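Here's the letter readout for the chains.
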Amino acid sequence: MGARSFPCLPGLPAPAMSENYTLGEVQVALTPQARFEEYLQSRGMRNTDQRRVLIEHIFSHHEHFDADQLIAQLPAKGKPGYVSRPTVYRTLAEFVDAGLLRKFELNGRAVYEHDYGYPAHDHLYCKQCQKLFEFKSDELVDLRNRVAQEHRFRVTGHRLIVYGVCETCLQAKRRTKRKVDLI
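Trainee: A description of helix 4 (residues 85-97) should follow, citing residues and the corresponding values.
Mentor: With 13 residues, helix 4 should reach 18 Å at 1.5 Å per residue; the first-to-last C-alpha distance of 19 Å fits that figure. Along helix 4, the residues classified as buried are Thr87, Val88, Thr91, Leu92, Glu94 and Phe95. Projected down its long axis, helix 4 shows its buried positions confined to an angular sector of 160°, all on one face. Once helix 4 finishes, Gly99 follows within two positions and takes phi at roughly 85°, a positive value.

In structure tokens, the structure reads:
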């Protein structure tokens, strides 16, 4: 799989020259499929057709998803590539354990995102359209590290989700108000 980079967040002004909120690049030695194969072999497990379908589907594009969204994207029962609900849940847990996916809670549901080959980052979450926007901030990491140092705390990672309303939803709300004002 090679390096990946992500564009600046939609709807935000371009950062000043000294600021850069885009996700950087991470070089990886193995594809997600090869990394998972290593994981399975280390545990004496075999790679099934269902596991291959899931890893190929999940890593064919970058998005945040929950198990129900993933199941809805897969072929229906009786069609080639079908994966049962219990197998999806079990395999997602294996992908997390293998370091391929990261799981986090968002509004009471388990959400997954790529972990392997993706840089550490944080999120903005629109409460209206429920979209997650990824960003990376060196200033935020510096602040985290300074606070940890002051408290003699060893950082092993962090997760930040900023809740609010995205520009698209704000504009839609403004357009709706204008129509009402015309009546």
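So, next bit.
Trainee: Before we move on, can you summarise the packing of aromatic side chains with the specific residues and values?
Mentor: Evaluation of the coordinates by the stated rule reveals 4 aromatic pairs. Measuring from ring centre to ring centre gives 5.7 Å for Phe36 and Tyr39, while their planes differ by 15°; the resulting arrangement is stacked. Of this pair, Phe36 and Tyr39 both sit in helix 1 (residues 32-42), separated by 3 residues, roughly a single helical turn. Among the residues examined, Phe36 registers a relative accessible area of 1% and is labelled buried. Judged by centre distance (5.6 Å) and plane angle (80°), the ring pair of Tyr125 and Tyr163 falls under edge-to-face.

Trainee: Just give me the short version of the state of the cysteines, but keep the residues and values in it.
Mentor: On inspection of all chains with the given rule, the structure shows 0 disulfides. Between Cys166, a cysteine without a disulfide, and Cys169, which holds the nearest cysteine sulfur, the sulfur-to-sulfur distance is 3.7 Å.

Trainee: How would you sum up the layout of surface pockets? Please name residues and give values.
Mentor: As a volume, the second largest pocket reaches approximately 160 Å³. What lines the second largest pocket is simply Arg102, Ala120, His121, Asp122, Phe135, Lys136, Ser137, Val141, Arg144, Gly157, His158 and Arg159.

Trainee: So what's going on with the pairing of strand 2 (residues 109-114)? Residues and values would help.
Mentor: The sheet contact formed by strand 1 (residues 101-106) and strand 2 spans 6 bridges and is antiparallel. Directly across from Phe104, in strand 2, lies its bridge partner Val111. Turn length for the strand 1-strand 2 hairpin, with the two strands adjacent in sequence and antiparallel, is 2 residues, and the turn residue Asn107 shows positive phi of about 55°.

Trainee: Tell me about the side chain of His64, residues and numbers included.
Mentor: Secondary-structure assignment places His64 in the loop between helix 2 (49-58) and helix 3 (67-73). Here His64 falls in the buried class, since its relative accessible area comes to 19%. At 2.9 Å, the side chain of His64 forms a polar contact with the side chain of Glu113. Here His123 takes part through its side chain, which lies 3.1 Å from a polar atom of the side chain of His64. Ignoring anything within four residues of it in the chain, the contact list for His64 reads Gln69, Phe104, Val111, Tyr112, Glu113, His123, Leu132 and Glu134.

How each quantity is defined
Starting from 1, residues in each chain are numbered consecutively following that chain's sequence as written. Per-residue local features are limited, in this predicted model, to residues with pLDDT of at least 70; the limit for side-chain atom pairs, both in listing and counting, is 80 or more; totals at the level of whole chains, interfaces and linings are taken over all residues. Computation of side-chain values: all heavy atoms of the structure, hydrogens and water removed. The way it works is that DSSP assigns letters per residue, a run of H or I at least four long becomes a helix, a run of E at least two long becomes a strand, and they are numbered from the N terminus. Every helix has an expected span of 1.5 Å times one less than the residues it contains. Three exposure classes are used, based on accessible area relative to the maximum for each residue type with a 1.4 Å probe and protein chains only: buried under 20%, partly exposed in between, and exposed over 50%. The arc under discussion is defined with respect to the helix axis, by the directions toward the C-beta atoms. Whether two aromatic rings pair depends on their centres lying within 6.5 Å, for rings of Phe, Tyr and Trp, where Trp uses its six-membered ring; planes under 30 degrees apart make the pair stacked, over 60 edge-to-face, and the rest tilted. Our working definition of a disulfide is a cysteine sulfur pair at a distance within 2.5 Å. Put plainly, a pocket is an open set of points on a 1 Å grid over the protein atoms alone with protein on both sides within 12 Å along at least five of seven lines, a cavity is a set where a 1.4 Å probe fits but cannot get out, and a lining residue has an atom within 4 Å of a point. Grid points are joined across faces, edges and corners, and a volume is the space filled by probe spheres set on the points. Paired strands, in this sense, are two strands between which DSSP finds at least two bridges. Here a polar contact is taken to be a pair of N or O atoms separated by no more than 3.5 Å, where protein atoms must pair a possible hydrogen donor with a possible acceptor and residues adjacent in sequence count only if both atoms sit in side chains. By definition in these notes, contact holds between two residues if any of their heavy atoms fall within 4.5 Å.

Function cannot be inferred from these measures alone, as they are strictly geometric.
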